[in-house]
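What the coordinates show
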Amino acid sequence: MIIYLQMLESDEDKSKFEIMYTEYKNLMLYVANQILHDIQDSEDVVHQTFLKVIGILGKIEEPKCHKTRALLVTIVERTAIDLYRKRQNHATVELRDEYICDHFLQAETQIDLAAAIVSLPAKYREVLLLKYDSGLSASEIGQLLSMTEASVRKTIQRAKERLSNILEKGGIAYGHHR
């Protein structure tokens with residue numbers, strides 16, 4: 001809460017914010033967690049909500065009333081829903097990349113593929129997980145890992161080749177079941 005209070009100038013605003021924080025933070029966390037089912041993401045949403053509230057603090061007349069409570073719940077709900085939708089968009093990336101998708105569908109269990117991915121060198125494992133699990137593009141991966149987009153694409157290609165070799169050695173040859 002100290003960080004928030006440092007962002008405020010007047011003692012009146014600090015007092016108003018402190019009342020709202022202590023009165024509603026647990027409710028806000030509960031509301032966010034009901035939507036996200038993830039405590040860390042819910043805490044982030046509450047934090048973002050309080051930052052938004054600081055921007056409109058002058059418009060809030062009474063810090064402890066049903067209007068303020070409704071306002072905070074509405075903001076936290078909308079922020080949580082936005083994050084939820086963003087997560088869903090990343091989670092719906094289709095694994096239609098030719099070889100990995102084929103192996104994924106042919107593996108007797110997902111554990112075979114997971115074990116093969118875990119056995120990859122870290123740099124290959126990272127790019128594959130960022131691409132297929134997180135749904136990031138080559139340019140986004142490049143920004144995260146400080147690589148060029150071309151380098152990311154080449155690393156993904158090499159990772160898939162290495163993964164193919166691991167899966168074939170494990171008895172899951174392309175086009176054949178165990």
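What you are looking at is a predicted structure, and each value in this text was computed from that prediction instead of being measured.

**Points about the environment of arginine 153**
Among the structural elements, arginine 153 can be located in helix H9 (residues 149–169). Linking arginine 153 and serine 137, residues 16 residues apart in sequence, is a C-alpha distance of 9.6 Å. Side chain to side chain, arginine 153 and glutamate 149 meet in a polar contact 2.6 Å long.

**Observations concerning the environment of alanine 159**
By the element assignment, alanine 159 lies in helix H9. Its relative accessible area of 0% is what places alanine 159 among the buried residues.

**Notes on the environment of isoleucine 39**
You can see isoleucine 39 is positioned in helix H3 (residues 39–55). Relative accessible area serves as the criterion here: at 38%, isoleucine 39 is assigned to the partly exposed category. Once the C-alpha coordinates of isoleucine 39 and leucine 29 are considered, the two residues, ten residues apart in sequence, prove to be 8.0 Å apart. Other than its neighbours up to four places away in sequence, isoleucine 39 contacts Leu29 and Asn33.

**Description of the packing of aromatic side chains**
Taken as a whole and judged by the stated rule, the model has three aromatic pairs. With centroids separated by 5.0 Å and ring planes inclined at 40 degrees, the aromatic side chains of tyrosine 21 and phenylalanine 50 adopt a geometry described as tilted. Highlighted residues: tyrosine 21 in helix H2 (residues 11–36) and phenylalanine 50 in helix H3, separated in sequence by 29 residues. Each member of the pair tyrosine 21 and phenylalanine 50 is classed as buried. Ring pairing ties together the aromatic residues Phe17, Tyr21 and Phe50, which thus form one cluster.

**What to know about unusual backbone geometry**
Backbone geometry places histidine 37, a non-glycine residue, at a positive phi of 55 degrees. With respect to the secondary-structure elements, histidine 37 resides in the loop between H2 and H3.

**Some points on a positive patch on the surface**
Together, Lys123, Lys154, Arg158, Arg162 and Lys169 make up a region of like positive charge exposed at the surface. When residues of the positive patch are assigned to their parent elements, the largest contribution, four residues, is made by H9. With respect to the element layout, lysine 123 can be found in helix H7 (residues 122–133). Exposure remark for lysine 123: the relative accessible area of 51% places this residue in the exposed category.

Cut-offs and rules
Residues numbered from 1 in each chain as written. Predicted model: local features only at pLDDT ≥ 70, side-chain atom pairs only at ≥ 80, totals over all residues. Heavy atoms only, no water. Helix = DSSP H or I, 4+ residues; strand = E, 2+ residues; numbered from the N terminus. Polar contact = N/O pair within 3.5 Å; in protein donor to acceptor, adjacent residues only side chain to side chain. Buried < 20%, exposed > 50% of the residue type's maximum accessible area, 1.4 Å probe, protein only. Contact = heavy atoms within 4.5 Å. Phe/Tyr/Trp six-rings, centres within 6.5 Å; stacked < 30°, edge-to-face > 60°. Patch = residues over 30% accessible without salt bridge, like charges linked within 9 Å, V, L, I, M, F, W, Y side chains within 5 Å. Areas by Shrake-Rupley, 256 points an atom, 1.4 Å probe, with all protein chains shown as cover. Salt bridge = Lys/Arg side-chain N within 4 Å of Asp/Glu carboxyl O. Lys, Arg positive; Asp, Glu negative; His and termini not counted. Charge placed at Lys NZ, Arg CZ, Asp CG, Glu CD.

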